[in-house]
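Results of the structural survey
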Amino acid sequence: MTLDAARPKLSLLLAAPRGFCAGVDRAVRIVEEALSRHGAPVYVRHEIVHNRHVVDDLRARGAVFVEELNEIPDDGRPVVFSAHGVAKGVVSEAMRRRLFTLDATCPLVTKVHREAERHHARGRHILLIGHAGHPEVVGTMGQLPDGAVTLVESVEQAASVTPPAGLPLAWTSQTTLSVDDTAEIVAALAARFPGLAGPAKDDICYATSNRQAAVKAVVGRGADLVIVVGAPYSSNSVRLAEVAERAGARRAVLVQRGADLDPAVADGCAAVGLTAGASAPESLVQEVIARLATRFDLAVEEVRVAEERIEFRLPPALSRSPGAMAAE
Ligand code: 2E7
Ligand code: F3S
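Below or above, wherever it landed, is the structure these notes cover. (Residues numbered from 1 in each chain as written. Chains lettered and ligands numbered in written order. Predicted model: local features only at pLDDT ≥ 70, side-chain atom pairs only at ≥ 80, totals over all residues. Heavy atoms only, no water.)

**Thoughts on helix α2 (residues 22-38)**
This is how the line gets drawn: Put simply, DSSP marks the helices as runs of H or I at least four residues long and the strands as runs of E at least two long, and each gets a number from the N terminus on. Between the first and last residue of a helix there are one fewer steps than residues, each counted as 1.5 Å, and that sum is the expected span.
Taking 1.5 Å per residue as the helical rise, α2 with its 17 residues ought to reach 24 Å, and the 24 Å between its terminal C-alpha atoms agrees with that figure. Positive phi appears at glycine 39, one or two residues downstream of α2, with a value of about 75 degrees.

Printed below as a string of structure tokens:
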């Protein structure tokens, strides 16, 4: 008997799109390009994206990860701000110290920052839907003076939040939330606060929406277990596991890489879905597939709900060729 015949068959539905988004791709390229142009060390404030594999790889090539600017010496080395964005105070502190900064904030986060500023300039108090303490939320709240933004984390909080009286209101959100939860929170806020201003649809980015739609599609195709490759502190990845369970999967598990998965978790499953958060490289997805293949005879099929062709340009300081810079 061959090994394949001895292993039970398992249908593996690969969600697409999955994994790296354009903002992550740009952020990683910024660190790589800074290393290649300026050598090591390149300082990075916060994990460039929430993935240990990506961070360890860049660290091995000379990136030094810190949480705050006070951990960085005044030695003229490049300092990269992570894809999640930073508060205005961080930018002004870097300017005061004349640090050589490269901003890897995702352009879609910068768009939310500018939106929040516009509302504030029009006298509106902002209700920011998001998770307390997440670096994106810290960065977005930090675009405006203290007290200008109230965080709303749930439908329950939407029902009880008491913004300052007498001010017009607007809402914005973190880019990596559950599309469905956010719609519920917005509906609860709009019902309480007539005239609430906000984006045409929401501030959730294309990558987050597409990955959630793809997870729903694999569950719709019969996946009763969904494996999500991503970090437990990666907001968009955790949302994918929640979306899978809410869509009807019996179980969703979040793993950082192949070695973390006990393939026996798929025993008795009709079909297994597999996806990856926006910060998880495809190599880790392939590790998970290889891990499942140690126990099952896999029939792999991709379930695609959207094509993604979006690409973000590098900051001007890195998009010019080094020769052109020298000639300037
Ligand atoms: C930046 C932003 O690094 P991630 O896991 O971050 P989240 O926000 O999901 O914890 O994923 C990529 C990314 C997503 N959003 C980077 Cl603002
Ligand atoms: Fe940007 Fe969305 Fe990726 S905000 S970093 S495109 S998950």
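From this point, things continue past the structure.
**Looking at unusual backbone geometry**
Of note, the amide linkage connecting alanine 16 to proline 17 takes the cis form, showing an omega dihedral of 5 degrees. Along the chain, proline 17 turns up in the loop between β1 (9-16) and α2. A cis amide bond links alanine 40 to the next residue, proline 41, at an omega of -5 degrees. The residue proline 41 is located in the loop between α2 and β2 (42-45) in this model. Its identity as a non-glycine residue notwithstanding, arginine 98 has a phi of 55 degrees, on the positive side.

**A few points about the pairing of strand β6 (residues 125-129)**
Two faces belong to every sheet, and in a regular strand the side chains alternate between them. What counts here: Only protein chains enter the calculation, and the probe is 1.4 Å; a residue is then buried if its accessible area is under 20% of its type maximum, exposed if over 50%, and partly exposed in between. Here the rule is simple: two strands pair whenever DSSP picks up at least two bridges between them.
In terms of burial, β6 is largely enclosed, as five of its five residues are buried. Sheet topology places β6 next to strand β8 (residues 169-173); five bridges connect them, and they run parallel. Across the sheet, histidine 125 pairs through a bridge with leucine 169, a residue of β8. Of the strand pairs in this sheet, β6 and strand β7 (residues 149-152) are connected by four bridges, and their pairing is parallel.

**Brief notes about the site of ligand 1**
The test is simple: Think of it this way: one heavy atom of a residue within 4 Å of a molecule or strand is enough to make that residue near it. Polar contacts, as used here, are pairs of N or O atoms within 3.5 Å; protein pairs need one atom able to donate a hydrogen and one able to accept it. Residues neighboring in sequence count only if both atoms are side-chain atoms. Working definition of accessibility: Shrake-Rupley area with a 1.4 Å probe, residue cover restricted to the visible protein chains. Using a 1 Å grid laid over the protein atoms alone, points where a 1.4 Å probe fits but cannot get out form a cavity; open sets with protein on both sides within 12 Å along at least 5 of 7 lines form a pocket; any residue with an atom within 4 Å of a point counts as lining. Molecules are considered to sit inside a cavity or pocket once more than half of their atoms lie within 2 Å of its grid points. We call Asp, Glu, Lys and Arg charged. Ala, Val, Leu, Ile, Met, Phe, Trp, Tyr, Cys and Pro are nonpolar, and the rest, Gly among them, are polar.
In the neighbourhood of ligand 1, 15 residues make up the surrounding shell, with His50, Ser234, Ser235, Asn236 and Ser279 lying closest. Taking histidine 50, its main chain carries an N or O atom lying 2.6 Å from an oxygen atom of ligand 1. In the environment of ligand 1, an oxygen atom lies 2.7 Å from a nitrogen or oxygen atom belonging to the backbone of serine 235. Protein coverage of the free-state accessible area of ligand 1, which is 390 Å², stands at 96%. Comparing atom positions with the cavity grids shows ligand 1 to sit within the largest cavity. Taken together, the residues of the shell around ligand 1 break down into five nonpolar, nine polar and one charged.

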